[in-house]
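Coordinates in review
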Amino acid sequence: MFKNIIAPVQAWLLSRGQCVGCGMPLSKGKRETRKDGTEKVICKCGRIFIFNPKTKKYRRALFEEV
Ligand SMILES: [Zn+2]
């Protein structure tokens, strides 16, 4: 039940390019280009996201991508 409340907030933050944990703009995170052309973004709080330059969208990194 708790997750159902949190998920939309996280999706909203990600759509704005902000970390879901600390709210920092992910443009300030540490970036690494990946083989598939997407970028791995590491926030200063340690959360890891994947940025897709084609869609200009962020998403949480999957476990195997960390
Ligand atoms: Zn963060």
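Residues numbered from 1 in each chain as written. Predicted model: local features only at pLDDT ≥ 70, side-chain atom pairs only at ≥ 80, totals over all residues. Heavy atoms only, no water.

1. A short note on the coordination of the zinc ion
Summarising the metal site, the zinc ion is bound by the protein donors C19 (SG), C22 (SG), C43 (SG) and C45 (SG), whose distances to it range over 2.2 to 2.3 Å. Seen from the zinc ion, its four donor atoms lie at angles of 102 to 117°, and the figure they make is tetrahedral. (Donors = N, O, S within 2.8 Å, 3.2 Å for Na, K, Ca; no water. Tetrahedral: all angles 85-135°; square planar, octahedral: opposite > 155°, others 65-115°.)

2. What to know about the side chain of K40
Within the secondary structure, K40 sits in strand β2 (residues 39-42). With no salt bridge to any partner, buried K40 finds its closest opposite charge in E32, at an N-O distance of 4.2 Å. Non-local contacts of K40, meaning those with residues more than four positions away in its chain, are made with K30, R31, E32, R34, I48, F49, I50, E65 and V66. (Helix = DSSP H or I, 4+ residues; strand = E, 2+ residues; numbered from the N terminus. Buried < 20%, exposed > 50% of the residue type's maximum accessible area, 1.4 Å probe, protein only. Lys, Arg positive; Asp, Glu negative; His and termini not counted. Salt bridge = Lys/Arg side-chain N within 4 Å of Asp/Glu carboxyl O. Contact = heavy atoms within 4.5 Å.)

3. Let's talk about the packing of aromatic side chains
Under the defined criterion, the tally for this structure stands at one aromatic pair. Taking 4.6 Å as the distance between ring centres and 40° as the angle between the ring planes, the aromatic pair formed by F51 and Y58 counts as tilted. There is no split in this pair, since F51 and Y58 are both buried. Its guanidinium or amino end placed over the ring of F51, R31 lies 5.2 Å from that ring's centre, counting from NZ or CZ. (Phe/Tyr/Trp six-rings, centres within 6.5 Å; stacked < 30°, edge-to-face > 60°. Lys NZ or Arg CZ within 6 Å of the ring centre and 35° of its normal.)

4. Topic: the sheet that holds strand β3 (residues 48-52)
On the basis of which strands lie adjacent, the open sheet formed by four strands has the order β1-β2-β3-β4 and antiparallel pairing. Lying at the two open borders of the sheet, with one neighbouring strand each, are β1 (30-33) and β4 (57-60). Direction aside, the axes of adjacent strands within the sheet are offset by 30° on average. By the bridge criterion, four bridges tie β3 to β4 in an arrangement that is antiparallel. Note that in β4 the partner of F51 across the bridge is Y58. (Pairing = 2+ DSSP bridges. Axes fitted to C-alpha atoms, helices over the stretch in contact; angles between N-to-C directions.)

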